[in-house]
Amino acid sequence: MEVLWLLPLLVVPILFWTSTTFVFYFKKCFYVAYMMLLAMISIPMCIVKSGGRDIENMRIIRFMVRHVKYFLGLRFEISGWEHLQTGGPYVIISNHQSSIDVLGMMEVLPDRCTTIAKKELLWAGTVGMVCWLGGIVFINRKKTSDAKSVMTDTAKIMLHDKIRLWVFPEGTRNQKGDILPFKKGAFHLAVQAQAPIIPIVFSSYSNFYLRKEKEFKSGTITLKILPKIETKGLTSEDVSSLCDRSYDVMRSVFLEISGQTSQSNGPSNH
Ligand SMILES: CCCCC/C=C\C/C=C\CCCCCCCC(=O)SCCNC(=O)CCNC(=O)[C@H](O)C(C)(C)COP(=O)(O)OP(=O)(O)OC[C@H]1O[C@@H](n2cnc3c(N)ncnc32)[C@H](O)[C@@H]1OP(=O)(O)O
Ligand SMILES: CCCCCCCC/C=C\CCCCCCCC(=O)OC[C@@H](O)COP(=O)(O)O
């Protein structure tokens, strides 16, 4: 009878070995549950260290998240570190494929850097709470005028508090094997703060993570930090061309590091 208790210990490894769908759901559930747990542990640490919402809490979050990749069988190959050796405020822009991006983000996140996120994330339990404590700026994507005014205020805070901002200019997650046309908020922000833009490109996850096919294998993510793009002297008139330039350089690097050749990208709103 006691042997029955051992059954799950046998069944889980067998399913892991035989079913890619099981592995997919197992890893996804593990990821969410473990991030929730890490966030729960981090909340009191952030409160004790900073007394509340403070960008310095991102150091704790970064430290807590860095090992999660090992459990998911992921490796990062990072190049271009020298481009992050820039003092003062800047805006990092990167492509956005999945919530797994958070792991790459925490590999390279500079000090005094937080991010812009959709306001719905605030309600993601302990993860939402820790994001708030880390000074993440929440925007309402459904109310463009509100989102724009939050970003304009953020440009002022960036300069005043000497902080860096990480923005996903696609504005949503995308796993279509290409980069979506960029929204313009990140570029207005950089121009308003007269701060440089540092593009970071994540290679495609399609060789290890396929949402539709329910596959989540081990894999290596290439993360390329690109040279900064200056915005000194630019005005709102230059935002469209700045956005186009950044998109072009990031897209060609994305295709190169994802082992794809350049095709014409479908829709473009810039
Ligand atoms: C310890 C355990 C821890 C566990 C947890 C682990 C980690 C937690 C910590 C960190 C993790 C954080 C991860 C968070 C990831 C979250 C990612 C997201 O949520 S992505 C979604 C949210 N982000 C964005 O949407 C940013 C990009 N969007 C924009 O910038 C948009 O432009 C916009 C501001 C939202 C407006 O949207 P819209 O669709 O209207 O975009 P357009 O670009 O077409 O703009 C329309 C129009 O407005 C002009 N515009 C835009 N912005 C501005 C501005 N700031 N000032 C002035 N004008 C602006 C733009 O030029 C357009 O006009 P025109 O066409 O005439 O040029
Ligand atoms: C009790 C509430 C339960 C909520 C459970 C959800 C918790 C998520 C938990 C763990 C994942 C950790 C990573 C957190 C940050 C990732 C955020 C993210 O990637 O959001 C998606 C957003 O960029 C774009 O969203 P859309 O594709 O436009 O939509």
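Quick caveat: nothing in here was measured; it's all calculated off a predicted structure.

**Section: the overall build of the chain**
Within the chain, the secondary structure is distributed over nine helices and nine strands. In terms of overall size, the chain behaves like a compact globule, its C-alpha atoms giving a radius of gyration of 20 Å where 270 residues would be expected to give roughly 18 Å. On the principal axes, the C-alpha backbone points of the chain span a range of 75 × 50 × 35 Å. Out of the 270 residues belonging to the chain, those deemed buried represent 46%. A separation threshold of at least 6 residues defines the contact pool for the chain, and within that pool the share at least 24 residues apart is 75%. Counting every atom, the chain has about 14000 Å² of accessible surface; 62% of that belongs to carbon and sulfur. Mean positive and mean negative side-chain charge positions of the chain (32 and 22 charges, respectively) differ by 3 Å.

**A closer look at the nonpolar core**
Within the largest apolar cluster, 76 residues are counted, with the highest numbers of intra-cluster contacts made by L103, W166 and F187. Here the element with the most residues in this core is helix 9 (residues 239–257); it accounts for nine residues. With residues near it in sequence (within four places) discarded, F187 still touches I93, P169, F182, I197, V239, L242, C243 and S246.

**Overview of the site of ligand 1**
In the neighbourhood of ligand 1, 32 residues make up the surrounding shell, with K118, T144, K183, K184 and H188 lying closest. Take T144: an N or O atom from its side chain is 3.1 Å from an oxygen atom of ligand 1. One of the side-chain N or O atoms of K148 is found 3.0 Å from an oxygen atom in ligand 1. In isolation ligand 1 offers 1300 Å² of accessible surface; the protein chains occlude 81% of this area. For the shell around ligand 1, the elements supplying multiple residues, two or more each, are helix 2 (20–50), helix 3 (57–65), helix 5 (101–108), strand 3 (113–118), helix 6 (125–133), helix 7 (144–161) and helix 8 (185–193). Here the residues of the shell around ligand 1 sort into 19 nonpolar, eight polar and five charged.

**As for the UniProt feature "domain: Phospholipid/glycerol acyltransferase" (unreviewed entry) in the chain**
UniProt tags residues 90–205 as "domain: Phospholipid/glycerol acyltransferase" (unreviewed entry). The distance from the first to the last C-alpha atom of residues 90–205 is 27 Å, and the span holds 38% helix and 20% strand.

**Considerations on the pattern of salt bridges**
With the rule as written, the count across this model stands at 11 salt bridges. For K69, the salt bridge is made with E107, and the minimal N-O distance between the two is 2.9 Å. Of this pair, K69 sits in helix 4 (residues 68–72) while E107 sits in helix 5, placing them 38 residues apart in sequence. Each member of the pair, K69 together with E107, is buried. For the salt bridge of R251 with D178, the shortest nitrogen-to-oxygen distance reads 2.8 Å. With R251 in helix 9 and D178 in the loop between strand 5 (164–167) and helix 8, this pair connects stretches of sequence that are 73 residues apart. The pair formed by R251 and D178 is uniform in burial state, with each residue classed as buried.

**A short note on the packing of helix 7 against helix 8**
The description of two helices packed together rests on the angle between their axes and the distance between the axes. For the pair helix 7 and helix 8, interaxial distance at closest approach is 9 Å and the crossing angle is 40 degrees. Our classification of the angle between helix 7 and helix 8 gives oblique. In this structure, the crossing between helix 7 and helix 8 has a hand that is right-handed. Contact with helix 7, carried on its side by M151, T152, T154, A155, M158 and L159, involves G185, A186, L189, Q192 and A193 of helix 8 and no other residues of that element. Along the lines of polarity and charge, the residues of the contact of helix 7 with helix 8 split into seven nonpolar, four polar and no charged.

Conventions adopted
Residues numbered from 1 in each chain as written. Chains lettered and ligands numbered in written order. Predicted model: local features only at pLDDT ≥ 70, side-chain atom pairs only at ≥ 80, totals over all residues. Heavy atoms only, no water. Helix = DSSP H or I, 4+ residues; strand = E, 2+ residues; numbered from the N terminus. Rg over C-alpha atoms; globule rule 2.2 N^0.38 Å. Buried < 20%, exposed > 50% of the residue type's maximum accessible area, 1.4 Å probe, protein only. Contact = heavy atoms within 4.5 Å. Areas by Shrake-Rupley, 256 points an atom, 1.4 Å probe, with all protein chains shown as cover. Lys, Arg positive; Asp, Glu negative; His and termini not counted. Charge placed at Lys NZ, Arg CZ, Asp CG, Glu CD. Core = buried A, V, L, I, M, F, W, Y, C linked by side-chain atoms within 4.5 Å. Near = heavy atom within 4 Å. Polar contact = N/O pair within 3.5 Å; in protein donor to acceptor, adjacent residues only side chain to side chain. Nonpolar A, V, L, I, M, F, W, Y, C, P; charged D, E, K, R; others polar. UniProt positions renumbered as here; feature names shortened; annotations may be inferred. Salt bridge = Lys/Arg side-chain N within 4 Å of Asp/Glu carboxyl O. Axes fitted to C-alpha atoms, helices over the stretch in contact; angles between N-to-C directions. Parallel < 35°, antiparallel > 145°, perpendicular 65-115°, else oblique. Left-handed = near helix turned anticlockwise from the far one by under 90°.

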